[in-house]
Structures are given as C-alpha cells and as structure tokens.
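Fold and geometry: a report
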Amino acid sequence: MIEEALLNVTLQLLIKELFDKVDSQIQKVLGFEHEFQKMKSDLEFLQAYLGDVDRHKEKYKTVEAASTKLRELIYRIDDLVSDCQNRVEYENMRSRFLSAISLRGKNFRIQVGKKLAEINTDIASMRETLNYIPSLISLCKSEEAGSSGGDSSWGRVRWTSDIIDESQTVGLAEDTKTLKKWILPCNGSLQLIAIVGMGGLGKTTLAQKIYNDREVCSRFHVRIWVCKSTFGELDIMKGILEQLKMDDHISSDRNVLLKRIHEALSNKKYLIVMDDVWSIDDGWWKRILEGLPKTEKQDSCIIVTSRNEDVVKRMGVEEEQIHRPKLLSEKEGWLLFCKVAFASSKGKCKDIELEHVGQDILKKCCGLPLAIKTIGGLLSSKGQLYSEWKKVYEDLPHILADESKSNDSLMATLQLSYDELPLQQKQCILCFAIYPEDYEIDVDQLANWWIGEGFIHKKGTKTPRKMALECLSELISRCLVEAVSKRNYDGRVYSCKMHDMIREMIIRVAREESFCSLDENNTNIATIHSRRLGVTNETLLQPLDGNSKLRALLLTKANYIGFTKKIALAQVKSLRVLDLSHLKFKENSEFCEDDIWRWITSLKRLTYLSFRDVENLTKLPRSIKKLWGLQILVLGECINLKQLPRSITLLPKLVVLDVGNCTSLSYLPRGLSKLVHLQELYGFKIPDATVSNACHLRDLKDLSELRVLQLDVMEGSMIEEDELPVLAQFQYLRMLIVNAGDRDDEIFLERLEKLLPPKSLEELYLRHFCGHTTPAWIAPKLLDRLQYLCIEDSCVLQRLSDRFRGSEGNKWKIEGLCLKYLPNLEETWEEIKSAMPGLKYVEVSHCNSLKSFSCNVKNIDFWRKPEEEDDDEMK
C-alpha cells in the first residue's frame, strides 16, 4: 500500500547496507567497536518494528511521528557510516598502518565519537517511544479484523468476472482480430497465450471480449474464467470445478481436486482464462498445468493476463504468443471519454467549450482506458458545466489522490503494480518522481544515480551497472516504465519514460515518504527539507538555504544554474549524486569556475559526479582528490577538456571514469594503476611514446577489475611492443571499443594487427579503422565468447580477414552484427552466414558494396532471424 511504500524500503535496505558497512576494519581504525556494536544491536531492534509501525502510521499520529523520526535517524547514521568508510578507504590508499591516523584523522575521529554518542542517545530515546506502540498496533489489528471478518491477509485485490460491459469498450477490434487468429485454428495441442500491459490498459476487458465472442464460444466445449489475484491455489481448483458443475462433495486435497479436473476436461476442447496473474513463485501454476489434459487432438487454450512480461514467459508463453495492447489513439480516447462523460446525452458532446476542456483533460490520460473511464465518470456527476469541468482539469492531481482511498480507484489499481515490486525496485522507481512530465530519461544517468545513492549494489559476479540495467529491465517488464530508445539486437535500453498516470501514483508515494519535495502541482521543487532535486529552468534554488539533507541533484530541463559562492546551493554539503550534464557557463555573468569546483570538492560524500557535454569545461582542479568516496566520474563529450590532474589517481573508490569523446584531451595522467577498483574506462588515449607524464597502455595492467575499456587512438599514438599482450591480461573484460582514429601509417597498423585480445570479450566495437582487411586478432579462435561485433566508419576497409572466417570446426558464436558506413567492404551474405552460423541479428547502413544481403545495405536496415528457424535448430 502507499502508506507502506518507502519507510520499509528505505529503512530495511539502508539498515542492511549499514550492517555491511560497519565492518571490523572501520571499527578498528576509529576505535569505537563498542559504540558501533551497540548501534547495530539497537538498529536490529528498531527494524523489527518497521512493518507494524508503517502499516498503522496514518491511524495514530504518535505512530506517524515515530516513523518520521526513525527515518531521519537512519539517514543520519548512514551519513556517519559513509563518512567513516570513505576515510578508511582514503587512509588505505595512502598506505598507512591501520592504527596510525594523521592529525586531521584524529580530529575526524573525535567528531565521529561525538556523533556516535548523540546517535546512540537518540536511538535509546526512540526505543522508549516505541515501547508502548505495540498496544496501539494491537488495537489497530483488532479493529481491522473486525471490519474484514477476521481475514485481512490479502490486502488490496481485484475481483474480475467474465461479464463484459460493451457500452464502455472502444478500440478492441484489431486486438480481438489478432487474438482470434491465434485461438480459432485447431493446432492440435494446448495453446498458451498472454495479454500483457500496464494496469488500466484494458487487458481484462480484452480477455472478456474474447471469452464471450460467438466464434470462440462455438470453438470450445468448456470455458472457465479464473481471477488469480483474488484466489489461492486451492480456491482456483474449487472454482474450476464449480464452473464445471462438479462442486458437490469438494475435497481439500489438491491431488484429488486435480484428478477430478483432469477427468472433467478429458476429451474436451477447453478455454481457460487466468486473469490478473502476478506471480508463480510458489509453484501453483506448475502443479495446475501438469494436472490439465494435453492430448494432441484436444485443441485447447489458456489465456493469461498479467502486468509482468517475465511472469508469462516463465509460465511457458512464447514471445510470438504474447499480445501487448496499445494505448488508445486520440480518436478512440475521445470516443470512450464521450461514452462515459456524456452518458446522459448518449455519448454526444453538444457544447464546444466543454469539448475543448474535455480534450485538455483527455490529454492528461495519455490514452489509458481506465484513466479515461475514471475521469469521465467523475465529470458525468458534475453536470455539463464548464466551470466544474475546468476545476477538474486544474485540480486533477489532487482529485486522483483523494479518490485513491477507494480500492477500485484508478490510483489503487496502479498501486497494485507498485506493491508487488521487490524492495530494491520500489526505491529505484521512486527516482522517476523528480523528472518532469513526459520526460525522456537517459538510462546511463538513471543507473549512475541508483549506484551513487546506494540503491543498487553488486551481487556475486554481477557489477552494479549490470544490476542497475537488470532492475530497469524488470520495471519495463512489469509495464511500469516504457523503453523509448533501445538496441534492436538485445533490447538494451538507452532512454526511457513513464506514463503520466503511473507517474502520478509514484509521485504520491514519494511525497508521503519525503523522498523528494513537491509542490501542489506535483512539480519537484527545492526546499529546506529536499532530499532529491531535478533542476529545470523554472527551479528556484534559494529555498535550499539551510538544507542539510539533499542527497541528489540532477539537471533535467536546465543547462544553467547561475552558480556563485553566495547562492544557497553553495552551502549544501550533503550531496552524494551531482549530475550537471549539459551545463553551460554563461559569459559576462558572476559565475566563477573556481567557485563551483571549490563547492564540489567540499562534498565529502559525493559518489557520482557528471559534467557530460559541458562545453566550457577545460580542466579539473587538483583538489578533485578530496572526493574520497567518488565512484563514478563522467566527463564524456567535454570537447574543450585539455588535461586531467594527476590527483585524479588518488580517488580510492573510483569504479567508472568516462572521458570518451573529449577531443582536446591528448593523454591521461600517469598513475591510473592505483585505481584498483576501476571497472569501466571510457576514452583511454593511447599517447605518443615520448610523452613521459602520460599513462601508457602498459600502465593499465594492474586494473584487474576492468569490464569495459574504450581505447582512443590519437595523432602520434603508438603501441609499443611490450604493450601488445596487455589486453589479454584483463580476464573480466566484457566490452572493448577501439577508436582507431583513421590512422593509416603502416607502423601503427602493424602494431594494431598484433594486439592480443582477452578471451573474455563479449562485445567488440572497431571504428575508424584504415586497414584493408580486419585485424588478424578478430578471429573466432581468439574470441570464442564474442556475441556482438560492430564495425563502422571506414572508407578503406575492403574485406574481412582469412582468420575472421575461421575454419570448419572453429566458427564464430556471434549472434549480433552491426556494419555501418563501410562503403568499400565487399562481402556476400553467404560468406557472412558461413562464418557466423549462429547469427540472429544484423544491422547495416551505407555499406553499398555488400552483396546479396537479406536487407537494404544502402540505407539503415536490419535483418532478424525468423523465430521458426530458431525453433527448427533447437529440435
């Protein structure tokens, strides 16, 4: 429920993270073992109260106040522990003995002692407050039990039936036609079909339409409707038997029930609709499916509706049997709106002013049928008065919030999708609340934010980046987030957005849990209590005066913040995430670059800093080394950045360094080998061998954690003989990008030809390469794990090398191939297929010399292996 949303999420995840952070090393360095252990013990006590406190905080103000204080306390503890952790990392990098701390370190230890004492005192006070809360909670529980007949375990559920209200259906013709094409033919076996989409999209309505269709009814002997979200496994079995008129003497033994269902459906063509399926984790689906008859000539079908694409795939539904209904078009939306809002006049709007405001309201629904019906129903009760309709338009967010208390409301329906999320994903999705309406969000920024704030951590061998992308994929699969731009080969998402109605629901959760500050129009604003802020051109920063809580600040629809040392933002010291991408330094203003860097380097807890595409940025200060906790530093596309200070090598926790497409940068400083945690390095400039203070390729050999490496060849770049095997030492490297810089001199090309790649590579990009044939190391024998290859931007490349083609017993395992702007590459489709028998996706653009390809080679086009060919090969 909304009331449970973030307190549980923030505290449970944050407390778990705190337990991991407060390790023996921190305690030993700082000398507060007893105090830290006491704090951990008390936190465990407080954690035990979270569920009950959270569920009842609206019922009693005492409970609500305790929840708020507890949240604030946990944030304070997290800040203190993060400061300690960063200090220890810094001391370790300085190679000091754990027991020897500098004078400044001793002062730091004194401050830690004071803060620890204050925190432990506050925890003790919190325990006293919570001592009498259980009696209040018991009272709440007894009241709930009385009002719900003693069974409140299900929470909010949706009950659906097979009955359809045809008077409020619009735009289902094409969807119905598609599904009937799958269902009506006699395919000889049990078909599994799914209808997947976000809440309120009309999945149940579409299933009802199919279930009651005349042709579908005559196609099956038996039709059964099951609403999964309302019932458990036993109730489903009993419900099926009831619809089969076999509910006399029903047993409670699952095996007996399944046997009776099997007998009743044997030798019959049956249709079962499993509506509103959320999960199959407890194994109910496997047991029921195994109990259903599935003879070859039975021609039966099961239709599943769900908000979660991953669930239906795990149920066994093939990709080509998943139907994803679209949002209503503007015309269809208006027709549905009129049917509901003007029901008294038979769906006719006779007032031009009402039509105009109605169209404005309709735009806010963004084609979501349930939103249109909900708001249309509200307007129908207002009478056809322009003034009333205008009020609804202006106050729509508040109206939706008020009506959300009803279990069958629009917001409550959407809320179900949120409630089903794992704790980590609940925290991540709340980040969407700071972005403006209909805003296209850069996925790299979102992932960096999640990692920077500690919402996402590595898991086993999976890096935080991989975990962040998996989290986003899950949110997309659950139809809560929409992919806008993605790679066709594997669906990797580059940008995303959120439907306005989902956003309204997320904003309500974020507001109630103080995730960020929002005004009455649901706009993210700056206040003294703000924790997270997305800055637009309209954002006023002065209200941040006195703020000590701000954790994340990102430029969204702004490229200027008018920074001076006098503004309120300059006094904020609590930031962990700062994304100033696309910032512009205006000339003839009070702005001073030194002032902004002086402020940034005072942010001791900063973990993520981005200056992507800041045109005026020319250098970084030496004081960047003060950011001990920095994990992600993004400077990509800063075209005037000429130099990085050597002090950048003193950032002990740096995981990502991005200086890609910094065209004025000629080399990186020596000492990068100190960054032993580095996993992603974009834009490593291979320097001239004569530049003594540059970092050379051989200097990277100690970066054993590298997963991604982008090499940029500059004018004068040279790879020395002793550097040729360096790449092969990166056993975890998954992605290698080589920008060969259009260098055509023979000595350099000979060296590039002799590189030894790591066998672990899964993705390889070769750009601006001026050899006539691909380098010899791009061969299946050396890169036997490669899955994706991209070669682009070369007017010289003519052929793929002989080694590239492999041999009869040594072929590529590549599944995705991208060839772009290679006008002189002369290869045939047959040669490509022979070298890459497992190829599933090819993208081609401006490769005019390619022959007999299965797609257009002159313009942007792609080929995808037909699903049936995949199926044939697997048999």
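Here, every reference points to the structure presented above.
Residues numbered from 1 in each chain as written. Predicted model: local features only at pLDDT ≥ 70, side-chain atom pairs only at ≥ 80, totals over all residues. Heavy atoms only, no water.

**So, the overall build of the chain**
What counts is decided by this rule: Counting from the N terminus, the helices are the DSSP runs of H or I reaching at least four residues and the strands are the DSSP runs of E reaching at least two. Remark: exposure states derive from per-residue accessible area (1.4 Å probe, protein chains only) relative to the maximum for the residue type, with buried under 20%, exposed over 50%, and partly exposed in between. Whether two residues are in contact is decided by their heavy atoms: any pair within 4.5 Å suffices. A 1.4 Å probe and the Shrake-Rupley method give the accessible areas. Residues count as covered only by the protein chains that appear here.
Helices and strands together make up the secondary structure of the chain, namely 28 helices and 22 strands. The burial tally for the chain puts 53% of its 875 residues in the buried class. By sequence separation, contacts in the chain at least 24 residues apart represent 69% of the contacts at least 6 residues apart. In the form shown here, the chain has an accessible surface area of approximately 38,900 Å², with 48% of it arising from carbon and sulfur atoms.

**Brief notes about the sheet that holds strand 6 (residues 441-442)**
Note the cut-off: For two strands to be treated as a pair, DSSP must find no fewer than two bridges joining them.
What the three strands build is an open sheet, ordered 6-8-7; its pairing is antiparallel. Bordering the open sheet on either side are strand 6 and strand 7 (482-486), each of which pairs with just one other strand. Judged from the two bridges that link them, strand 6 and strand 8 (residues 493-497) form a sheet pairing that is antiparallel. Each bridged residue has a counterpart across the sheet, and for Asp442 the counterpart in strand 8 is Ser495.

**Looking at the packing of helix 15 (residues 352-365) against helix 17 (residues 386-394)**
What counts, and what does not: In this analysis, axes come from line fits to C-alpha atoms, helices being fitted only over the stretch in contact, and the angle between any two N-to-C directions falls in the range 0 to 180 degrees. In this scheme, roughly parallel covers angles under 35 degrees and roughly antiparallel covers those over 145, while 65 to 115 is roughly perpendicular and the rest are oblique. In a left-handed crossing the near helix is turned counterclockwise from the far helix by less than a right angle, and in a right-handed crossing that turn is clockwise.
Running from N to C, helix 15 and helix 17 cross one another at 15°; their axes reach a closest spacing of 10 Å. Comparing their axes, helix 17 and helix 15 come out roughly parallel. Between helix 15 and helix 17 lies a crossing of left-handed hand. Of helix 17, the residues touching helix 15 (which contributes Glu353, Leu354, Val357, Gly358, Asp360, Ile361 and Lys364) are Tyr386, Trp389, Lys390, Val392 and Tyr393.

**As for unusual backbone geometry**
A positive phi angle is found at Asp613, which is not glycine, with a value near 55°. Considering the arrangement of structural elements, one finds Asp613 in the loop between strand 12 (608-610) and strand 13 (632-634). Overall, the relative accessible area of 30% leaves Asp613 in the partly exposed class. Here the phi dihedral of Ser852 falls at roughly 55°; this positive angle occurs in a residue that is not glycine. Relative to the helices and strands, Ser852 is located in the loop between strand 21 (841-845) and strand 22 (861-864).

**Regarding the pairing of strand 21**
Burial within strand 21 is extensive, with five of its five residues counted as buried. Of the two faces of strand 21, both are covered, the one formed by Tyr841, Glu843 and Ser845 as well as the one formed by Val842 and Val844. Strand direction decides the pairing type here: strand 20 (residues 816-820) and strand 21, joined by five bridges, are parallel. Directly across from Cys818, in strand 21, lies its bridge partner Glu843. Sheet topology places strand 21 next to strand 22; four bridges connect them, and they run antiparallel. Looking at strand 22, one finds that Val844 is bridged to Asp861.

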